Amino acid sequence: MPPLFDWEFAADPYPAYAWLREHAPVRRTRLPSGVEAWLVTRYADARQALADQRLSKNPVHHHERSAHGKGKVGIPGERSANLMTHLLNIDPPDHTRLRRLVSKAFTPARVAEFEPRVRELTDRLIDGFAARGEADLIHEFAFPLPIYAICDMLGVPAEDQDDFRDWAGMMLRHHKPGEPGPPRGGVGRAVKKMRNYLAELIHRKREKPDEDLISGLIRASDHGEHLTENEAAAMAFILLFAGFETTVNLIGNGTYTLLGNPRQRTLLCDALAAGDDGLLATAVEELLRYDGPVEMATWRFATEPLQIGGVRIAGGEPVLVVLAAADRDPAKFDDPDVLDLRRRDNQHLGYGHGIHYCLGAPLARLEGRVALSTLLHRLPDVRLAVPPDELRWRGGLIMRGLRTLPVEFTPQ
Ligand code: HEM
């Protein structure tokens, strides 16, 4: 079996996933943290597992956690910050109630209205480096865009958004290239500061509602249904948390993939120049399938003995559905290792499947479309400034993304 979770795997996990799909499609594996989990790599098994309600999202079902009383999974600092009651950690009926409430506020129409603002933000960020002829697209583009976008949507005042940027950077252990990383305990402290800020903001918006998403969440709760202030804070937090690193990686991985596939890039640029936006939409879906932001769906735990792909899983055992492997399964996709921006009927699992299907997909698609098309339009000869094997990938388990993406281009 090829080694998992080393440097080479981080740079290109797809050969190892191809091996697993073929030889051990449901495989018990020791993770770098020491926890043992089942990895599910075939498309059909992955889709079925994502929809299987016997797989709980609630970490109390993890036998190791209950045996030792100490969480090994989840967001660092999250337990102490009391933000656990968010969508990705709960099951029906609580999940159904909370998801219905947030869906009332976070509607596709509200997202669509937001497009001019995303365009403005994107142009402003590119203005910041266009004259220089070089940039780190993670640090200066992919990282700030989603955090400012979601802050705007939530209703975080402009003057506080840089604090959010710093806390989010801390939570991602993101720092400027060449500068030291965050101090020990910094992640927990950043989560706590964000929690306290959100609690206060929710309080203020309750007194003085506005047209923003937080006010929408509060309003939705005031119409008969019950959304506590803690639930609203957890909801705002998960929107930030789930919508942030994912979108950074969509822009980062997507740009990197396009730079490495010049023919497909030309196809897209030609379509955009001809005013045809149809290809842009299928391109974003294909980039999600080909090298998506979420390598594995978040933790699931068997609430009872069950089978996946004919393999027995005992109650309490953790299951990780490997979206990146499923989305390259030749049993589902023709030529899965080939990037085809025109791919039709692309039923990739990049946004998950079932009741936890990504709530933010319309916003992610909007940001992906605007960021990629604007970048290609404004920096037509943008190219990698270093050989691809010098790029470093973040070592996390759930997400897949680059630490830096140095590029050069003719100064504009
Ligand atoms: C759930 C992917 C952007 C909010 C998910 C899941 C995936 C995913 C795979 C399901 C996880 C699981 O079942 O374990 C992505 C990708 C994105 C993206 C690839 C960007 C390209 C966003 C954005 C937001 C968001 C922008 C919000 C602003 C959520 C929420 C959930 C979720 C709230 C939990 C839904 C639930 O449990 O009912 N996302 N996401 N996501 N996503 Fe996204």
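So, how was this worked out
The numbering scheme is per chain: residues are counted from 1 as the chain's sequence reads. Two thresholds apply to this predicted model, a pLDDT of at least 70 for residue-level local features and 80 or more for giving and counting side-chain atom pairs, whereas whole-chain, interface and lining totals are computed over all residues. Only DSSP runs of H or I covering at least 4 residues are called helices, and only runs of E covering at least 2 are called strands; the numbering of each starts at the N terminus. For this measure, only C-alpha atoms enter the radius of gyration; the expected value for a globule follows 2.2 Å times N^0.38, where N is the number of residues. Exposure is read from a count of other C-beta atoms within 10 Å of each residue's own; the residue is exposed at 12 or fewer, buried at 20 or more and partly exposed in between. C-beta atoms are placed from the backbone. Axis geometry follows a simple rule: fit a line to the C-alpha atoms, using only the stretch in contact for helices, then measure angles between N-to-C directions, giving values from 0 to 180 degrees. We call two directions roughly parallel when the angle between them is under 35 degrees, roughly antiparallel when it is over 145, roughly perpendicular when it lies between 65 and 115, and oblique otherwise. Here is the rule for handedness: rotate from the far helix to the near one, and if that takes an anticlockwise turn smaller than a right angle the crossing is left-handed, while a clockwise turn gives right-handed. C-beta atoms are first placed from the backbone for all residues, and any pair lying within 7 Å is then listed as a contact. Side-chain classes are defined by residue name, with Ala, Val, Leu, Ile, Met, Phe, Trp, Tyr, Cys and Pro counting as nonpolar, Asp, Glu, Lys and Arg as charged, and the others, Gly among them, as polar. Criterion used throughout: strands pair if DSSP finds at least two bridges between them. Proximity of a residue to a molecule or strand is defined by its backbone-placed C-beta atom lying within 6 Å of that partner. Under the convention used throughout, the expected extent of a helix is 1.5 Å for every residue step, that is, one less than its residue count. Connectivity within a nonpolar core runs through C-beta atoms within 7 Å, and the core itself is a set of buried Ala, Val, Leu, Ile, Met, Phe, Trp, Tyr and Cys residues. Here pLDDT means the predictor's own confidence in every residue, given as a number from 0 to 100.

Under an unreviewed UniProt entry, the name given to the protein chain is Cytochrome, and the organism recorded is Streptomyces abyssalis.

K.L.:
Describe the overall build of the protein chain, with residues and values.
P.N.:
For the protein chain, the helix and strand inventory stands at 17 helices and 10 strands. Radius of gyration (C-alpha) of the protein chain: 21 Å, near the 22 Å computed for a compact globule of 412 residues. The buried share among the 412 residues of the protein chain stands at 42%.

K.L.:
Which residues make up the packing of helix α9 (residues 144-154) against helix α10 (residues 161-171), and what are the values?
P.N.:
The packing of two helices is summarised by the inter-axis angle and the distance between the axes. α10 packs onto α9 with a crossing angle of 130 degrees between their chain directions and a minimal axis gap of 10 Å. Accordingly, the angle class assigned to the pair α9 and α10 is oblique. As for how α9 packs across α10, the hand of that crossing is right-handed. Where α9 abuts α10, its residues P144, I147, Y148 and C151 lie against Q161, F164, R165 and A168. Classifying every residue of the contact of α9 with α10 gives 6 nonpolar, 1 polar and 1 charged.

K.L.:
Tell me what's going on with the pairing of strand β8 (residues 318-321), and back it up with residues and numbers.
P.N.:
With burial as the criterion, each face of β8 is covered, one bearing P318 and L320 and the other bearing V319 and V321. Note that strand β2 (residues 36-40) and β8 share 3 bridges and pair parallel. By the bridge assignment, L39 is partnered in β8 with L320.

K.L.:
Can you explain unusual backbone geometry? Please cite residues and give values.
P.N.:
A negative phi angle is the norm for most residues apart from glycine, just as the trans form is the norm for most peptide bonds. A cis amide bond links P92 to the next residue, P93, at an omega of 5 degrees. Note on placement: P93 falls in the loop between α4 (63-68) and α5 (94-105). One non-glycine residue, F5, adopts positive backbone phi at about 70 degrees. For F5, a count of 16 C-beta atoms within 10 Å corresponds to the partly exposed category.

K.L.:
Kindly report on the sheet that holds strand β3 (residues 55-56), identifying the contributing residues and their values.
P.N.:
The 5 strands are arranged β1-β2-β8-β5-β3 in an open sheet whose pairing can be described as mixed. Two strands lie at the open edges of the sheet, namely β1 (26-30) and β3, each paired on one side alone. Of the strand pairs in this sheet, β1 and β2 are connected by 5 bridges, and their pairing is antiparallel. The residue bridging R27 from the neighbouring strand is L39, located in β2. Across the sheet, helix α3 (residues 43-51) touches β1, β2, β3 and β8, and the angle it forms with β8 is around 125 degrees.

K.L.:
I'd like a description of the site of the ligand, backed by residues and values.
P.N.:
What surrounds the ligand is a group of 27 residues, the closest being G243, G352, C358, G360 and A364. Going through the elements one at a time, α13 (229-259) and α17 (361-378) are the ones with two or more residues in the shell around the ligand. Ranked by residue count, the leading element in the shell around the ligand is α13, at 7 residues. A class-by-class count of the residues in the shell around the ligand yields 17 nonpolar, 9 polar and 1 charged.

K.L.:
So what about helix α14 (residues 262-273)? Which residues, and what values?
P.N.:
Between its first and last C-alpha atoms α14 spans 16 Å; for 12 residues at 1.5 Å apiece the expected length is 16 Å, and the two agree. Immediately beyond the C-terminal end of α14, within one or two residues, lies G275, with a positive phi of roughly 75 degrees.

K.L.:
Describe the sheet that holds strand β10 (residues 406-408), listing the residues and the values that go with them.
P.N.:
Spatially, 3 strands are ordered β4-β10-β9 in an open sheet, and the strand pairing comes out antiparallel. Of all the strands in the sheet, just β4 (134-136) and β9 (383-384) have a single pairing partner and so form its edges. Note: β9 against β10, 2 bridges, orientation antiparallel. Looking at β10, one finds that R383 is bridged to E408.

K.L.:
I'd like a description of the packing of helix α7 (residues 115-127) against α17, backed by residues and values.
P.N.:
Two numbers describe how α7 lies on α17: the axes approach to 10 Å, and their chain directions differ by 40 degrees. Taken as axis vectors, α7 and α17 run oblique relative to one another. Note that α7 runs across α17; the crossing there is right-handed. Residue-level inspection shows E115, V118, R119, T122, D123 and I126 of α7 in contact with α17, the latter providing L366, E367, V370, A371, T374, L375 and R378. Its residues assigned to classes, the contact of α7 with α17 shows 6 nonpolar, 2 polar and 5 charged.

K.L.:
How would you summarise the nonpolar core if you had to cite specific residues and measurements?
P.N.:
Counting 77 residues, the largest nonpolar core has I150, L154, L217, M235 and A236 as the members making the most contacts within it. The element best represented in this core is α13, accounting for 15 residues. Excluding its chain neighbours within four sequence positions, the residues that come into contact with I150 are L239, L240, G243 and F244. The next biggest cluster of nonpolar side chains, apart from the first, holds 29 residues, and it includes W38, L50, F301 and A302.

K.L.:
How would you summarise α13 if you had to cite specific residues and measurements?
P.N.:
When the terminal C-alpha atoms of α13 are compared, their 45 Å separation across 31 residues agrees well with the 45 Å that a helix rising 1.5 Å per residue should span. Counting buried residues along α13, 26 of its 31 residues qualify, which places the element largely inside the surrounding structure.

K.L.:
For the environment of L272, give the residues involved together with the corresponding values.
P.N.:
Residue position: L272 is located in helix α14. As a C-alpha pair, L272 and H377 span 105 residues in sequence and 8.3 Å in three-dimensional space. Sequence-distant contacts of L272, that is, excluding residues within four places in its chain, are made with L280, S373, L376 and H377.

K.L.:
I'd love a proper account of the confidence of the model for the protein chain, names of residues and values included.
P.N.:
Averaged over every residue, the pLDDT of the protein chain is 90; residues scoring 70 or more account for 90%. When the criterion is pLDDT under 50, residues 65-81 qualifies, and its contacts beyond four places in sequence or with other chains add up to 29 contacts. Both scores are given for the predicted complex: the pTM is 0.93, the ipTM 0.98.

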